[in-house]
Amino acid sequence: MRFPVQAVVPLLAVALLLGGCGTPQLFYDRTELRHDPLPERQVRALPEEILRRLDGRRAVWVDVDGKETVLNAATLPQLPTAELGALWAALLLGRTGGEYDMRIHVAGKGPSPISVLIGGNDSLRILSSRGDAPREAVLTEAKIRERFGLQRSFQGEWSEAERQALTESLALLQPGELAVLRTVRFERSQRDLGRDKAARYELDGCLARITLYPAGAGFNRYLFVGDVIAPRDAVLFPLLHEIGHVVERAPARRALCAAESHRVAAEKHRSDAWRLRDQPARYHALIRRHEDLVRRYDELIAEAERLRSPGPVITAYLRALAGQPPPTDYGRESAQESFAESFALFHADPQALSRARPAVYRWFASGGHVKAMNAAMAGILEVDEDGVDEVPW
């Protein structure tokens, strides 16, 4: 929604995408602050209003060289327009403990990435940036698949910017995480699911796919991710979020793919038995094997269900979270969304996760999620004379 706050600057036409209850703990706020470009001449009235809203709270500006300036009546006018607008927005909409990574648009200058951190004591730190991080080279689909070992062709029409964002997302992953992405299908859909929906992970039996929607590119207009010293495109966050779902559901998918192998083998044995029905000994041997495979199929389907509600990766993650709230508002939707948000934050902005949930950061850094994933997948599929160890994922 849009609502006027005061008739001081165009920034005051702001839209909140995500809300939530206040929390005394540190968290990463993915609120999008949509605003018109700020004319510098209209920002001159802000320092007095900001001082009034600060009401004695400590505010510090950290410039591009790391120099810290305590903000007061004398120093506030020194703030560049973008930083002044970001501070104003944080005072209007920010919550205790929140970290806000914003691209503030200034008339005639374009967007500037600014971070505002609001401490547990309501103090504020405004962090300036030198500019965006160096970008990965734009690769063709074939080069992306070759570099990261992806086996499935991309679906839909991917722009250069979208292939670049996908490359940068994949480049942040660990080998164990990439391993379970190799047979995931990446799709670019033209369906518009709304401004808030940038990507989706779907698991349909053994088939897994991550779909990027048109809203993904729009995430970069008012947001960024990563350290303010080297900001990255905001679309990396939803891509990494969906990759997090691939990781946490990998054991269940492994069981579903194993079940599919057993189903195919069982059908082959039944077909072979039918052709040999005039040879009783061979016919009955094949039927018995068919029944064994069907029984194992049923067991694997049950195992897949057990591994997804919630699975071992989520169980291990919740132990690391230790009863604390998720690091983002959206993570409150479910344990699975909490994991995906933490996974994305760990890769896109590890220092933000370290500040907000240090134990969760250490768990990811030690590979706790990969260990839990691999342990759950080990032994799901037995090797037998029928070659059922070949999993089609």
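It should be emphasised that the depicted structure is a prediction, and the values quoted were computed from it without experimental measurement.

**Student:** What's the story with the nonpolar core in this structure? I'm lost.
**Tutor:** The tendency in soluble globular proteins is for nonpolar side chains to be buried as a group. Ranked by size, the top nonpolar core spans 63 residues in total, and within it Leu170, Leu181, Phe186, Phe339 and Phe364 carry the most contacts. Grouped together as the second largest cluster of nonpolar side chains are 30 residues, Leu38, Leu54, Leu93 and Ile126 included.

**Student:** What is the right way to read the pattern of salt bridges from this model?
**Tutor:** Considering all chains together, one arrives at 28 salt bridges under this definition. Residue Asp233 is joined to Arg103 by a salt bridge in which the shortest nitrogen-to-oxygen separation is 3.8 Å. With a gap of 130 residues between them, Asp233 in strand E13 (residues 232-233) and Arg103 in strand E6 (residues 98-106) connect regions that are remote in the sequence. Judged by relative accessible area, Asp233 falls into the buried class, the value being 13%. The closest approach of N and O atoms between Arg275 and Asp272, which form a salt bridge, is 2.2 Å. Taken together, the residues Arg275 and Asp272, both in helix H8 (residues 250-275) and three residues apart, mark about one turn of the helix. In this structure Arg275 comes out as exposed when scored by relative accessible area, which is 55%. Ionic contacts of the salt-bridge type, sharing partners, join the residues Arg103, Asp132, Arg135, Glu168 and Asp233 into one network.

**Student:** Help me understand helix H2 (residues 81-93) in this model?
**Tutor:** Because an α-helix completes one turn every 3.6 residues, residues spaced three or four positions apart along the sequence face the same direction. Under the 1.5 Å per step criterion, the end-to-end length of H2 is 18 Å for 13 residues, consistent within 8% with the ideal 18 Å. Counting buried residues along H2, twelve of its 13 residues qualify, which places the element largely inside the surrounding structure.

**Student:** What is the right way to read the sheet that holds E6 from this model?
**Tutor:** Paired through their backbone hydrogen bonds, the strands of a sheet run either parallel or antiparallel. Spatial ordering of the open sheet is given by E3-E6-E7-E8-E4-E5, a layout of six strands whose pairing is mixed. Each of the sheet's edge strands pairs with one partner strand only, and the pair in question is strand E3 (27-29) and strand E5 (68-70). Each neighbouring strand pair of the sheet contributes to a mean axis angle of 25°, computed without reference to strand direction.

**Student:** When you look at the pairing of strand E8 (residues 124-127) in this model, what are you seeing that I'm missing?
**Tutor:** Within a regular strand, side chains alternate between the sheet's two faces. As judged from the four bridges shared by strand E4 (residues 59-62) and E8, these two strands associate in the parallel manner. Looking at the pairing, Val62 lines up with Leu127 of E8. In the sheet, strand E7 (residues 110-118) pairs with E8 via four bridges, with the strands oriented antiparallel. Among the inter-strand pairings, Ser115 is bridged to a residue of E8, identified as Leu127. As consecutive antiparallel partners, E7 and E8 are separated by five residues, and within that stretch Asp122 has a phi angle of approximately 75°, a positive value.

**Student:** Would you mind showing me how to read the side chain of Thr328 here?
**Tutor:** Checked against the element boundaries, Thr328 lands in the loop between helix H10 (312-321) and helix H11 (335-348). Thr328 gets classed as buried once you look at its relative accessible area, which sits at 2%. Here the side chain of Thr328 touches Gly331 through a polar contact of 3.2 Å, landing on its backbone nitrogen. Leaving out residues up to four positions away in the same chain, Thr328 has contacts with Tyr28, Arg30 and Glu341.

**Student:** Quick question: what am I supposed to make of the packing of helix H3 (residues 141-148) against helix H4 (residues 160-171) here?
**Tutor:** Two quantities define a packed helix pair, namely the angle between the axes and the distance from one axis to the other. Close contact between H3 and H4 brings their axes to 11 Å; oriented N to C, the two are set at 5°. By the angle class used here, H3 and H4 are roughly parallel. Of the residues in H4, those in contact with Glu141, Ile144, Arg147 and Phe148 of H3 are Arg163, Thr167, Leu170 and Ala171. Considering only residue class, the contact of H3 with H4 consists of four nonpolar, one polar and three charged.

Here is what the cut-offs are and how they apply
Residues numbered from 1 in each chain as written. Predicted model: local features only at pLDDT ≥ 70, side-chain atom pairs only at ≥ 80, totals over all residues. Heavy atoms only, no water. Core = buried A, V, L, I, M, F, W, Y, C linked by side-chain atoms within 4.5 Å. Buried < 20%, exposed > 50% of the residue type's maximum accessible area, 1.4 Å probe, protein only. Salt bridge = Lys/Arg side-chain N within 4 Å of Asp/Glu carboxyl O. Helix = DSSP H or I, 4+ residues; strand = E, 2+ residues; numbered from the N terminus. Expected span 1.5 Å × (residues − 1). Pairing = 2+ DSSP bridges. Axes fitted to C-alpha atoms, helices over the stretch in contact; angles between N-to-C directions. Polar contact = N/O pair within 3.5 Å; in protein donor to acceptor, adjacent residues only side chain to side chain. Contact = heavy atoms within 4.5 Å. Parallel < 35°, antiparallel > 145°, perpendicular 65-115°, else oblique. Nonpolar A, V, L, I, M, F, W, Y, C, P; charged D, E, K, R; others polar.

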